[in-house]
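Topology and contacts: notes
In case you want the letters, here they are:
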Amino acid sequence: RTVAFTSKLRTQLASVNRSVNRDMPDIRARREFLSLTAMSAGGEDHAMMKRRLLIQAGLPAAALTLVTVRNGEGRRHSVLIVATSQGDMILDHHTSNIVKRRDSAYSFASVEAVRFFE
């Protein structure tokens, strides 16, 4: 359920995070990737695409969780959490930085996790 947090993994996570954050507006415009629901939280498409790319790159699906959190204003927001040996890392469409869950500004009091069954 966790992956070893190495410099290679850090580079891979940062690369996927940046590329999806950059490319998602074009992907959405072509309607190639859609949210789970019509009332999705912000960032859901980004998080699902990042998850898909990381699985294709060899990361285990069990280490990747799509979660909905609340930001400082109480608004819903979806992010991808990667469970690593150094703690949960967050891939977020608001930033290219990969941050530890404990260092994020999000409220995790009521995390809604979406689990996928491959």
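Each remark here, short or long, concerns the structure printed above.
Here goes a summary of the coordinates provided. (Residues numbered from 1 in each chain as written. Predicted model: local features only at pLDDT ≥ 70, side-chain atom pairs only at ≥ 80, totals over all residues. Heavy atoms only, no water.)

**Side note on the overall build of the protein chain**
Counting its regular elements, the protein chain contains two helices and five strands. Burial statistics for the protein chain: of 118 residues in total, 39% are counted as buried. Long-range pairs, those at least 24 residues apart, make up 55% of the contacts in the protein chain with a sequence separation of at least 6. When the accessible surface of the protein chain is summed, it comes to about 6800 Å², and 49% of that surface belongs to carbon and sulfur atoms. (Helix = DSSP H or I, 4+ residues; strand = E, 2+ residues; numbered from the N terminus. Buried < 20%, exposed > 50% of the residue type's maximum accessible area, 1.4 Å probe, protein only. Contact = heavy atoms within 4.5 Å. Areas by Shrake-Rupley, 256 points an atom, 1.4 Å probe, with all protein chains shown as cover.)

**Some words on the nonpolar core**
Within the largest apolar cluster, 17 residues are counted, with the highest numbers of intra-cluster contacts made by L13, L54, L59, L64, L80, V82 and L91. Residue assignment for this core shows that the elements contributing at least two residues are α1 (7-29), α2 (44-56), β1 (64-70) and β2 (76-84). Counting residues per element, this core draws most heavily on α1, which supplies five residues. Residues in contact with V82, not counting those within four places in the same chain, are V3, L13, L54, L59, A63, L64, G87, D88, M89 and L91. Within the second largest apolar cluster, six residues are counted, among which are V67, V69, I81 and I90. (Core = buried A, V, L, I, M, F, W, Y, C linked by side-chain atoms within 4.5 Å.)

**Notes on the side chain of T84**
Within the secondary structure, T84 is located in strand β2. Residue T84 is classed as buried on the basis of its relative accessible area, which comes to 6%. Separated by 3.1 Å, the side chain of T84 and the backbone nitrogen of Q86 make a polar contact. The contacts of T84, once residues within four sequence positions are left out, are T2, V3, F5, L9 and M89. (Polar contact = N/O pair within 3.5 Å; in protein donor to acceptor, adjacent residues only side chain to side chain.)

**Remarks on α2**
The end-to-end C-alpha distance of α2, which contains 13 residues, comes to 18 Å, matching closely the 18 Å that a straight helix rising 1.5 Å per residue would cover. Taken together, the buried positions of α2 are occupied by E44, D45, H46, A47, M48, M49, K50, R51 and L54. With its phi angle positive at about 110 degrees, G58 sits one or two positions after the end of α2. (Expected span 1.5 Å × (residues − 1).)

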